[in-house]
Amino acid sequence: MDTLQNDTSKHPGAGETIENNYKRRAATRRTIGGIAYVRDAHGCYIPETYLREKTKIRTPQDALPALASIRYAPQEIFVVLDLDGNNQISEVRHVTVGLVNQCQIHPRETFFGAIQNHAVSVMLAHNHPSGNLEPSESDLAATRRIVEVGKVIGIPVLDHLIVSSTGHLSLRERFPAYFS
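Just so you know, the residues in each chain are numbered from 1, in the order the chain's sequence is written. pLDDT decides what is reported in this predicted model: residues at 70 or higher carry local features, side-chain atom pairs at 80 or more are listed and counted, and totals for whole chains, interfaces and linings draw on all residues regardless. Each side-chain value is derived from all of the structure's non-hydrogen atoms; neither hydrogens nor water enter the calculation.

**Let's talk about the overall build of the chain**
The condition is simple: Each helix is a run of DSSP H or I of at least 4 residues and each strand a run of E of at least 2, with the numbering of both proceeding from the N terminus. Buried means the residue's accessible area, taken with a 1.4 Å probe over protein chains only, is under 20% of the maximum for its type, while exposed means over 50%, and partly exposed covers the values in between. Exposure was quantified through the Shrake-Rupley algorithm and a 1.4 Å probe, taking into account, for residues, occlusion by the shown protein chains and nothing else.
Regarding its fold elements, the chain presents 6 helices and 8 strands. Its helices and strands taken in sequence order, the chain reads α-β-β-β-α-α-β-β-α-β-α-β-β-α from the N to the C terminus. In the chain, buried positions account for 43% of the 180 residues. Accessible area for the chain stands at about 9800 Å²; split by element, carbon and sulfur atoms hold 52% of it.

**Here's the deal with the pattern of salt bridges**
Let me state the cut-off plainly: Just to be clear on terms, a salt bridge is a Lys or Arg side-chain nitrogen sitting within 4 Å of an Asp or Glu carboxyl oxygen.
Enumeration according to the criterion identifies 4 salt bridges in this entry. Between E148 and K151 there is a salt bridge; the shortest N-O distance is 3.4 Å. Of this pair, E148 and K151 both sit in helix α5 (residues 137-153), 3 residues apart, which is roughly one turn of the helix. Judged by its relative accessible area of 44%, E148 is partly exposed. On the basis of relative accessibility, which here comes to 40%, the residue K151 falls in the partly exposed class.

**Points about the nonpolar core**
Let me state the cut-off plainly: By nonpolar core we mean a set of buried residues, namely Ala, Val, Leu, Ile, Met, Phe, Trp, Tyr and Cys, connected to one another through side-chain atoms within 4.5 Å. A contact between two residues is defined here by any heavy atoms of the two lying within 4.5 Å.
V122, L124, I146 and V157 are the most contacted members of the largest nonpolar core, which has 20 residues in total. For this core, the secondary-structure elements that each account for two or more residues are β4 (77-83), α4 (107-116), β6 (121-127), α5 and β7 (157-164). Considering each element in turn, this core owes the most residues, 4 residues, to α5. Setting aside anything within four residues of it in sequence, one finds V122 in contact with V80, L81, D82, L83, F111, A114, I155, P156, V157, L158 and D159.

**Regarding the packing of aromatic side chains**
Here is the rule we go by: Side-chain rings of Phe, Tyr and Trp, where Trp is taken by its six-membered ring, are said to pair if the distance between their centres is within 6.5 Å; with planes under 30 degrees apart they count as stacked, over 60 as edge-to-face, and otherwise as tilted.
Under the definition given, this model contains 1 aromatic pair. Plain terms: the ring middles of F175 and Y178 are 5.1 Å apart, the flat faces sit at 15° to each other, and that makes the pair stacked.

**Brief notes about unusual backbone geometry**
Unlike most non-glycine residues, N87 shows phi in positive territory, near 60°. Here N87 lies in the loop between β4 and β5 (89-97). With a phi close to 60°, H118 is a non-glycine residue in the positive phi region. By secondary structure assignment, the location of H118 is in the loop between α4 and β6. Residue class for H118 comes out exposed when judged on its relative accessible area of 68%.

**Here's the deal with the packing of α4 against α5**
The axes of two packed helices give the description: the angle between them and the distance between them. Here is the rule we go by: Angles run from 0 to 180 degrees between N-to-C directions of axes, and those axes are lines fitted to C-alpha atoms, restricted for helices to the stretch in contact. Relative orientations are named as follows: roughly parallel for angles under 35 degrees, roughly antiparallel for angles over 145 degrees, roughly perpendicular for angles from 65 to 115 degrees, and oblique for any other angle. By definition, turning the near helix anticlockwise from the far helix through less than a right angle yields a left-handed crossing, and turning it clockwise yields a right-handed one. Polar here means any residue outside two lists: the nonpolar Ala, Val, Leu, Ile, Met, Phe, Trp, Tyr, Cys and Pro, and the charged Asp, Glu, Lys and Arg; Gly therefore counts as polar.
Contact geometry of α4 with α5 gives a least axis separation of 10 Å together with a crossing angle of 40°. Looking at the two axes, α4 sits oblique to α5. The hand of the α4/α5 crossing is right-handed. Taking contact as the criterion, the partners of P107, T110, F111 and I115 in α4 are, on α5, R145, I146, V149, G150 and I153. Residue composition of the contact of α4 with α5, by class: 6 nonpolar, 2 polar and 1 charged.

**Observations regarding the environment of A177**
Positionally, A177 belongs in the segment after α6 (171-174). Here the alpha-carbon distance between A177 and R144, two residues 33 residues apart in the chain, equals 9.6 Å.

This is a description of form; function is not addressed.
In C-alpha cells:
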C-alpha cells in the first residue's frame, strides 16, 4: 500500500495549477520583437504574458502569438490549443510533426490531450512551410472529420488556422459551413 501514496512531494508538479506547472517547466526565454517568449517542456515558445494573464481568444488573431513557434518551422506541425470555459488557452499542444508538405492529423490524438486537460473547446492550427496559405483537400477533409468528432464528444472546434511566414488563414472564416 505504500507505493500508492498520494504524497505530492514525490511527484513534482502534482497538485499545481496549469499556470504554475507551466512556469515551473519553463526552460528558455527569448525576446522577439519586444515580446518575451518562454519555451515550455514541449519545446513550444509561447508569449510570457500567457503565463501571467490568460488571453481570451475571441478572434483568430488572438491565437497567433501562441502559434509563433510554428510559423517558420521547416516541416508541417499540427497544434491544438486547449481552451477553458472562458476561451482562455490552458495548453498549447504539438500533436504531430510531419514532413515538408504533409502532416497526419487524427481525431484520437487531437482530443486525447483536450480530454485530459478538461478543455471546453479547442482551436486547431498547422503551418504551411511553403508560405502558401491555401488549404489542401486533405486539410479540409481532416478539419471536417475533427469537427464532427468534436460534436460527438462535446468539445467543439472553434477554428482551424493555417499559419506561415506570410500570414494566416482561418478555415472558419473561409468555410463557415464546416463548423456549424
